[in-house]
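# Structure at a glance
The residues making up each chain are set out below.
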Amino acid sequence: IFAAVEMAPRDPILGLNEAFNADTRPTKVNLGVGVYYDDNGKIPLLAAVKAAEKVRLEAMPPRGYQPIEGPAAYTLAVQNLLFGADSALTAAGRVVTAEALGGTGALKIGADFLKRLNADAKVYISNPSWENHRALFESAGFIVENYPYYDAATRGVNFEAMKAFLLGLDAGSVIVLHACCHNPTGADMSDAQWAEVVDACRSRGLVPFLDMAYQGFADGIEPDAVAVRLFSASGLQFFVSSSFSKSFSLYGERVGALSIVTESKEESARVLSQLKRVIRTNYSNPPIHGGAVVAAVLSSPELRQQWEDELAGMRERIRAMRVALVEAIQAQGVAQDFSFVIKQRGMFSYTGLTVAQVERLKEEFGIYAVSTGRICLAALNSKNIGYVAEAIAKVVKA
Ligand code: PLP
Ligand code: TYF
């Protein structure tokens, strides 16, 4: 059966973890995968999560099947974060939300559902984008192409090129947008540019698909939802995939959601029925634990406040690492200006390091970064930052 099976290529990011784990150098640093580590280099278990888990553990609830779309306590909590507590859309029954297996699972059920709606549509992702965007939509059967996004010269968004491209697309094209904290570049659009993207989607009849994996990592829960809110106010229909992997530090629990904004409550019922069909044929219904913990935290005013404070702590530590890295590199006498790192948003920096420089970081220093030059700032801490800055200085100078 398997004689002709070839080795599949490794995921360019998750594959780095394997190489990192096999590295025996004690000074090694993993700046590859997008995971938040605390100042001790550990993945935190948030205190709000711990408190909610303790209550659940003591209650020892039974483990029956969940609703296909997940429990209402969870899906309502998701809607509240994405669309706001006072959303007219949710009040009107115009948002369908289903729990999903992380942000990845949300993208997957969204892609499968879209394929049933419009099999011939093309899907457009930013250039560059999270590698899995392409793979997910291709595996759902779509042709995936890039739209212009990042401008290496300005280290920002080439908005004129992006807009012109969107205005040339066929109606029904699916456009995948990073709602905040663009992965991998850290370059986000301004609010005014988002408003123009909304207009382009309306005038061309595009299908917007917002991917929100880092809500709270740029400026905060509410400000980071600006793209979702602008689309909400537009009257358009659109998709949002969201994830609690990073914001709750619950990577392995696989907690995410797909939300779909429809035209009416009646349309929502039809859309939900089809989405449930997609979920049933994939994994039937979501697991209990992660979603229950998130729902418990978000529905308790005290735990929610504690979570927001902890999230702010993560955001601020990343910001501090950005500043510290730039200062430490500059202190090494590097001529090149790295101050752009401070302006980038979210977990990542697109450093502009070349493939060869990234390779040297790995070979000579045991510092692992993505070959595109993307580093995860959230893996830096007060102990390793000096070592990393020195190594970066060495590879950019030589
Ligand atoms: N979308 C983007 C842009 C991401 O960076 C990630 C990162 O993991 C995901 C989706 C997937 O999230 P999850 O880990 O919850 O599947
Ligand atoms: O971009 C990242 O590093 C995160 C984690 O297939 C990730 O989004 C990376 C690759 C992948 C799944 C998650």
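Residues numbered from 1 in each chain as written. Chains lettered and ligands numbered in written order. Predicted model: local features only at pLDDT ≥ 70, side-chain atom pairs only at ≥ 80, totals over all residues.

### Digging into the site of ligand 1
If you check the shell around ligand 1, you find Gly34, Gly102, Gly103, Thr104, Trp130, His178, Asn183, Asp211, Ala213, Ser243, Ser245 and Gly256 and nothing else. No other element matches the three residues that helix H5 (residues 102-117) contributes to the shell around ligand 1. Here the shell around ligand 1 is built from residues that sort into two nonpolar, nine polar and one charged. (Near = placed C-beta within 6 Å. Helix = DSSP H or I, 4+ residues; strand = E, 2+ residues; numbered from the N terminus. Nonpolar A, V, L, I, M, F, W, Y, C, P; charged D, E, K, R; others polar.)

### Considering helix H2 (residues 47-59)
The end-to-end C-alpha distance of H2 is 19 Å, a good match for the 18 Å that 13 residues give at a rise of 1.5 Å each. Listed in full, the buried residues belonging to H2 are Ala48, Val49 and Ala52. Looking straight down H2, one finds its buried side chains confined to an arc of 95°; they lie on one side. For H2, exposure combined with an orientation more than 90 degrees from the buried face picks out Lys50, Lys54, Leu57 and Glu58. Buried residues along H2 sit against helix H11 (289-299) and helix H12 (301-331). Directly beyond the C-terminal end of H2, a positive phi value near 45° is found at Met60. (Expected span 1.5 Å × (residues − 1). Buried ≥ 20, exposed ≤ 12 C-beta atoms within 10 Å, placed from the backbone. Arc of directions from axis to C-beta. Contact = placed C-beta atoms within 7 Å.)

### Description of the UniProt feature "domain: Aminotransferase class I/classII large" (unreviewed entry) in the chain
Under the present numbering, the feature "domain: Aminotransferase class I/classII large" (unreviewed entry) in UniProt falls on residues 27-392. Along residues 27-392 one finds 45% helix and 16% strand; the C-alpha atoms at either end are 14 Å apart. (UniProt positions renumbered as here; feature names shortened; annotations may be inferred.)

### Observations concerning the nonpolar core
The biggest cluster of nonpolar side chains holds 120 residues, and the ones touching the most others in it are Ile175, Leu210, Val228, Val294, Val297 and Met347. Take this core: its biggest share by element is nine residues, from H12. Taken together, domain 1 (14-45 + 308-397) and domain 2 (65-287) each give at least three residues to this core, which thus spans both. Filtering out sequence-adjacent residues up to four positions away, Met347 remains in contact with Gly34, Tyr36, Cys181, Tyr214, Phe217, Ile318, Cys376, Leu377 and Ala378. (Core = buried A, V, L, I, M, F, W, Y, C linked by C-beta atoms within 7 Å. Domains from an automatic or database assignment.)

### Comments concerning the environment of Leu177
If you trace the backbone, Leu177 turns up in strand S7 (residues 174-178). Sequence-wise, Leu177 and Ser126 are 51 residues apart; in three dimensions their C-alpha atoms are separated by 7.2 Å. Beyond its immediate sequence surroundings of up to four residues, Leu177 is in contact with Val197, Pro208, Phe209, Leu210, Asp211 and Ala227.

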